[in-house]
Amino acid sequence: MAEGQTIGDDPTSTDHIFLDTEFLTKYNESQLFRLTKFYRGRLEQAIEERVDGISSLLTKEKYLSEREHQEVFELTEKGNRVDSSKLLLNLVMEKGSRARRVMWESFVKIRHELPKLDKILKEIEELGSEPLDRMNIPPGLSEIPSKLKDVQQIHKAVLRERTETLRMNTILIKEKVKNFPLVHRYAELTIISTVRDRTLVEHELLARGRDHEEWRKKHLRSELERIRSDQLFQSSFSWTGFLIQKVKSLFWRSNSGSSATVSGVPGIGKTTMVQKIVYDWATGKIYPHFQFVFSFKFRDLNTINTRINLRNLILDQYSYFGNVLGELWKNPEGLLFIFDGLDEFKDSIDFADNRRNTEPQFMCTDPECWCEVSDIVYSLIQHKLLPGCSVLVTSRPTALHLLEKAEISVWAEILGFVGDDRKEYFNKFFEDQAVAAAVLKHVDENEILYTMCYNPSCCWILGLSLGPFFTQRDRKEEKVPKTITQLYSYHIYNILKNHSPGIESPRDVLLKLGEMAFTGVSKKKVVFSNGDLIKYHLQPTQFLSGFLMELLERDDSVQSVVYTFQHLTIQEFVAALAQFLTKDPGDILKLLSEYHNEEDGRFEIFLRFVAGLSSPHAARPLEDFLGRFSHQTTCRVIDWVKEQVEGQIGNTESEADKKNLLNTFHYLFESQNKALAQATVGSVETLAFGELRLTPIDCTVLSHVIRLCDTIKHLDLQNCYIQCEGLQRLEPVLHKCVVLRLGMNDLHDSGVKQLLAVLCNPICRIQELGLEENILTDCGAKDLVSALNTNQSLTYLNLNNNKLGDTGVKLLSEALRNPDCKVQKLWLADCGLTASCAEDLAFTLSKNQSLIELNLSSNKLGDSGVKNLSAALASPDCRIQKLLLNEVGLTSSCAKNLVSALNANPHLTDLNLGYNKLGDSGVKQLSVALGKLECKIQRLQLCDNGVSAASMEDLASALSTNQSLTELDLGHNKLKDLGLKLLSAGLKNPDCKIQRLRLDDTRLSDSCIDDLASALSINQSVTGLNLELNSFTDQSVPAICRLISNCGSLKRIELWKNRFTSTGENQLKPLQDIRYGLSVELT
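Here the structure is a predicted model, which is why all the values come from computation and not from measurement. (Residues numbered from 1 in each chain as written. Predicted model: local features only at pLDDT ≥ 70, side-chain atom pairs only at ≥ 80, totals over all residues. Heavy atoms only, no water.)

(A) The pairing of strand S8 (residues 410–416), seen in detail. Burial of S8 is extensive: 7 of the 7 residues sit out of reach of the surface. Along S8, one buried face is formed by Val410, Ala412, Ile414 and Gly416 and the opposite face, lined by Trp411, Glu413 and Leu415, is buried too. Pairing of strand S4 (residues 259–263) with S8 involves 4 bridges; the strand directions are parallel. Its bridge partner being in S8, Ala260 is matched across the sheet by Val410. (Buried < 20%, exposed > 50% of the residue type's maximum accessible area, 1.4 Å probe, protein only. Helix = DSSP H or I, 4+ residues; strand = E, 2+ residues; numbered from the N terminus. Pairing = 2+ DSSP bridges.)

(B) The arrangement of the packing of aromatic side chains in detail. Throughout the structure, instances matching the rule amount to 36 aromatic pairs. Note on Tyr318 and Tyr320: the rings are 6.4 Å apart at their centroids and 75 degrees apart in plane angle, and the pair reads as edge-to-face. Judged by relative accessible area, which is 2%, Tyr318 ranks as buried. The class for Tyr320 is partly exposed, based on a relative accessible area of 25%. Residues Phe665 and Phe689 carry aromatic rings whose centres are separated by 6.1 Å and whose planes lie at 65 degrees to one another, so their mutual orientation is edge-to-face. Residue Phe665 is found in helix H30 (residues 655–671), and its partner Phe689 is found in the loop between strand S11 (686–688) and helix H32 (696–707); the two are separated by 24 residues along the sequence. (Phe/Tyr/Trp six-rings, centres within 6.5 Å; stacked < 30°, edge-to-face > 60°.)

(C) Expanded view of the packing of helix H26 (residues 588–596) against helix H27 (residues 604–613). For the pair H26 and H27, the least separation of the axes is 9 Å and the interaxial angle reads 140 degrees. When the axes of H26 and H27 are compared, the pair comes out oblique. Like other packed secondary-structure pairs, H26 and H27 cross with a definite hand, here left-handed. Each of Leu592, Tyr595 and His596 in H26 lies in contact with H27, whose residues at this interface are Phe606, Leu607 and Val610. The class makeup of the residues in the contact of H26 with H27 is 5 nonpolar, 1 polar and no charged. (Axes fitted to C-alpha atoms, helices over the stretch in contact; angles between N-to-C directions. Parallel < 35°, antiparallel > 145°, perpendicular 65-115°, else oblique. Left-handed = near helix turned anticlockwise from the far one by under 90°. Contact = heavy atoms within 4.5 Å. Nonpolar A, V, L, I, M, F, W, Y, C, P; charged D, E, K, R; others polar.)

(D) Main features of helix H31 (residues 674–681). If you check which residues of H31 are buried, you get Leu676, Ala677, Thr680 and Val681. The arc that holds the buried residues of H31, viewed along the axis, is 100 degrees, so those residues lie on one side. Projecting away from the buried face of H31 at angles above 90 degrees are the exposed residues Lys674, Ala675 and Ala679. Turning to H31, the residues buried within the fold contact helix H29 (631–648), H30 and H32. The N-terminus of H31 is capped by Asn673, whose side-chain oxygen sits 3.3 Å from the backbone nitrogen of Ala675. (Arc of directions from axis to C-beta. Polar contact = N/O pair within 3.5 Å; in protein donor to acceptor, adjacent residues only side chain to side chain.)

(E) Representation of the pairing of S4 within the structure. Among the 5 residues in S4, 5 count as buried, and that is most of the element. Burial along S4 is two-sided: Ser259, Thr261 and Ser263 and Ala260 and Val262, pointing in opposite directions, are all buried. Inspection of the sheet shows S4 paired to strand S7 (residues 390–395) by 5 bridges, in the parallel sense. Its bridge partner being in S7, Ser259 is matched across the sheet by Val391.

(F) Quick peek at H30. Between its first and last C-alpha, H30 extends 25 Å over 17 residues, near the 24 Å set by a 1.5 Å rise per residue. The positive-phi residue at the C-terminal boundary of H30 is Gln672, with phi of around 50 degrees. (Expected span 1.5 Å × (residues − 1).)

(G) Quick look at the environment of Lys384. Here Lys384 is to be found in the loop between helix H17 (373–381) and S7. A sequence separation of 19 residues divides Lys384 from Thr365, and the C-alpha atoms of the two residues are 5.5 Å apart.

(H) Seen up close, a negative patch on the surface. A cluster of acidic residues, Glu773, Asp830, Glu887 and Asp944, forms a negative patch on the protein surface. Looking at Glu887, the relative accessible area reads 46%, which means it is partly exposed. (Patch = residues over 30% accessible without salt bridge, like charges linked within 9 Å, V, L, I, M, F, W, Y side chains within 5 Å. Areas by Shrake-Rupley, 256 points an atom, 1.4 Å probe, with all protein chains shown as cover. Salt bridge = Lys/Arg side-chain N within 4 Å of Asp/Glu carboxyl O. Lys, Arg positive; Asp, Glu negative; His and termini not counted. Charge placed at Lys NZ, Arg CZ, Asp CG, Glu CD.)

(I) Summary view of the environment of Gly546. You can see Gly546 is positioned in the loop between helix H24 (530–535) and strand S9 (548–550). Residue classification places Gly546 among the buried positions, given a relative accessible area of 3%.

(J) Quick peek at the confidence of the model for the protein chain. Summarising the model, the protein chain shows a mean pLDDT of 84, and 85% of its residues fall at 70 or more. Across residues 171–175 the pLDDT falls below 50, and counting only partners more than four positions away or on other chains, this stretch makes 12 contacts in the model. Every residue in residues 196–220 scores below 50 in pLDDT, and together they form 74 contacts with partners more than four places removed in sequence or on other chains. (pLDDT = per-residue confidence, 0-100.)

(K) Region of interest: the side chain of Glu853. With respect to the element layout, Glu853 can be found in strand S17 (residues 853–855). It turns out Glu853 is buried and unbridged, and the closest side chain with the opposite charge, Lys825, is 4.1 Å from it. Looking at Glu853, its side chain comes within polar contact range of the side chain of Trp827, at 2.8 Å. If near-sequence neighbours (up to four positions away) are discounted, Glu853 is found in contact with Gln824, Lys825, Leu826, Trp827, Ile880 and Lys882.

(L) Structural view of the packing of helix H6 (residues 81–95) against helix H7 (residues 97–109). Remark: H6 packs on H7, axes separated minimally by 6 Å, with the N-to-C direction vectors making an angle of 135 degrees. Taken together, H6 and H7 sit at an angle that is classed as oblique. Counted together, Leu89, Val92, Met93 and Lys95 of H6 and Ala99, Arg100 and Met103 of H7 form the full contact between these two elements. Taken together, the residues of the contact of H6 with H7 break down into 5 nonpolar, no polar and 2 charged.

(M) Region of interest: the pattern of salt bridges. Applying the stated criterion across every chain, the model contains 25 salt bridges. A salt bridge links Lys95 to Glu68, with the nearest nitrogen and oxygen atoms 2.9 Å apart. Remark: Glu68 occurs in helix H5 (residues 66–77) and Lys95 occurs in helix H6; sequence separation between them is 27 residues. A relative accessible area of 9% means that Glu68 is categorised as buried. Of the charged contacts in the structure, one is a salt bridge between Arg998 and Asp1000, with a shortest N-O distance of 3.2 Å. Among the residues examined, Arg998 registers a relative accessible area of 34% and is labelled partly exposed.

Below you can see the structure in the form of structure tokens.
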């Protein structure tokens, strides 16, 4: 919004705005003050995109001074919208009640432009004003009884000691775990106050990685509300959810407790976030209204195999509470219970089970009552046990469905690292900042690795694996891992190097470990017990500790220890590695194909690792410790990859087919097998991934494949949402394509800048380039001009549905006048053009000798613009053959100019004038031109032009003499029966050459069908006839049968949406069998 532009300037919207703002009248000034204070933090986020407009409105209404508005505006101009929204709210809160009300009224006016703001207003509307009285803002701190003060101090001291250190696993035998102060190593994560997808379909890591790349850029600022870990309780997020639940319930419970859920994929930082929350509470930084916080891991709870009560559950981990727990029960509002890792809980908690509301044994209402652990957790979350307490549950997305019916006030999700968060992590990971910078640079340059880094666990693996390459001077740059397989291979190599001394056969141990890992991948199992280790003949050793983490070491009891791989992808890699260590691979080809066809994607990353380990570059470091990989397995894997690529390469009809081909390309990329790639894709001419969303990772893989294609001609990436990041990965290979479809990819002008280098490449082969619907402006047009002046291959350029405007097209027109410009087809539909650019275009048409096709549809050219173009069309140097002018605002007043152009231009054969307002007068004038021998028009579209029977006699006369017109579209005009009868007189003339005729939605009925049937029985040139959306009934069926039978040239007739009964349709359906190739379309 420009400076000074205010909200709601449109006077026609006044009534609508009044109705929208009426609900604010229910709130008095005190309540509005409380609302503003209550939602303050969320409003700062919500209004960022329109803060300058709100400030302008308040300035216009004299509530802000010009100086104050300028301060807000300057912050916005500098891109510092966060501070500008904070400043605005500060100013308004100081101005008094009337300024606050005007501000809220402005919020209502722009709510539909700002999803975050709209969400807040919907909450307010749903709650009404009454619950405001129940909002404790800010919450009062209840006095803790003296008998609990000592135990609270002990409790905080214990929690500080337990949480102040962050344990980091290493790959060193001498220092398996390194401890760091939590505050020094903790990197802030981005958490959003919603859960994006409750149902997980694809492989979790992959799915969230793809989503993250989109949501990080597009939605985080405009739609998703950030929520800090200290806002999960006693904030507008939690209170609103809590209040809405109470409003919807049949009765109001006065307790103020609420439940929150934070979800995230493995390794995203859920457990570390819980540790930070507990530490910050224990040190007095957050949630002072909670007197006690109790944190549990579901992993620990899994070891409890008997009935237990809440008292003993707490004493089991916090024994020093002794006999004082009874005092805690008296003030449940002061208690926060945290349960970490719902997805790992072995027992079932079903909140949708109606029996829980009717059968007491499923309900735990007394902290002294003995019951199952699952019933304690259930009852706490549902506020049946200690009503008034608060509960936080963390979970992987796969277990969220268990909570869908639970009384959850806040649903949040950890997105992980966003923007500079990655940099902060590596700066804290490495003491040497030069190493941190080198690792970050390598990650930034490798899109595969970069996208992994939204996940802190992946950053941890990268830090451990890449660090040595940049700290040892004898390392060579070319040896730095480039693929995920190479990275993980080196990670395992380092573990073997530091943990295998003294192990008689690390190969046998890894084979057994890999078999266990593979079973876990197959069954979606990530936590393993001692029983699992025994089953696979494994024993906890220092060597094994390099791969497995002991998740449960409660009281150092061996019986309660369970194990997990450090990350899901480590488990998948070890599972893949085992395939190369076994002596008998069996029918691995069959198995790999079965895994590849698994629809839920659980084997997707596993298969990429299998393909990657067939590469000597990935295998060689591991073979130093594990011995030679099975040559038989390697060969069979290569054969399988080859078979998959060859089987998929020409099959991309469906979305599933495209996904399968993309997966096989990932296998090729991981294998880094140049000979295999050239053998399978070297002679490929077409790659089509249109409509399939591609990530930057996918684009890197695709670039790798295209680089090895010697014959690539056609690359279709239309609507793949590759954006500039994806385009950057593809840029080095795009010059090889002949046809390049990049429409609907959100490229913006910056994307055109990247393409400039491609188009200006001397060996660029691109002839057809599709850039439609990419939000290009006149700035992008400047770069295109440079390309058009240099490029010698481009002949077709599609810029439809962009925002070039008159300025952009004027720039393009200048380039088109350059004799070196080879463009023959230019599409500029819906580009925001007006008559003011028509003169430049006309000048270009009169000079350009190569342009033969021009699409200017859906622009506001008007009669004056087309008059300029018509003059150019009449120029002897104009070579235009096809001109599309549908929906450009034409009337009959420009018909005279069009007639002159048709008479003078011998090249124009295709003219689209649909969706204008030429009327009968305009069609009559055009008919005069059509009747002349000089007119060479072959295809003419006049659909939806306000045409009636009044001009059909003139058009029929033209059809009787015209020797060139083969296609005529009169659809969506009110011809009615009389009009068709008049037109039929021209159609039956032997000199009429019409082959395709559209008469859809022209108000035809049974009384005209005999005339049409008679005409077409004489005219044997019509091959396609469209009569859909008319009013033909069964009465017309005999005449239609005659028409189809007698018109031997007819190949397709469309009769959809008429008024035939099933009987009539059954009479018509068999007609398509009377001639080979005949199609009778009824539905």
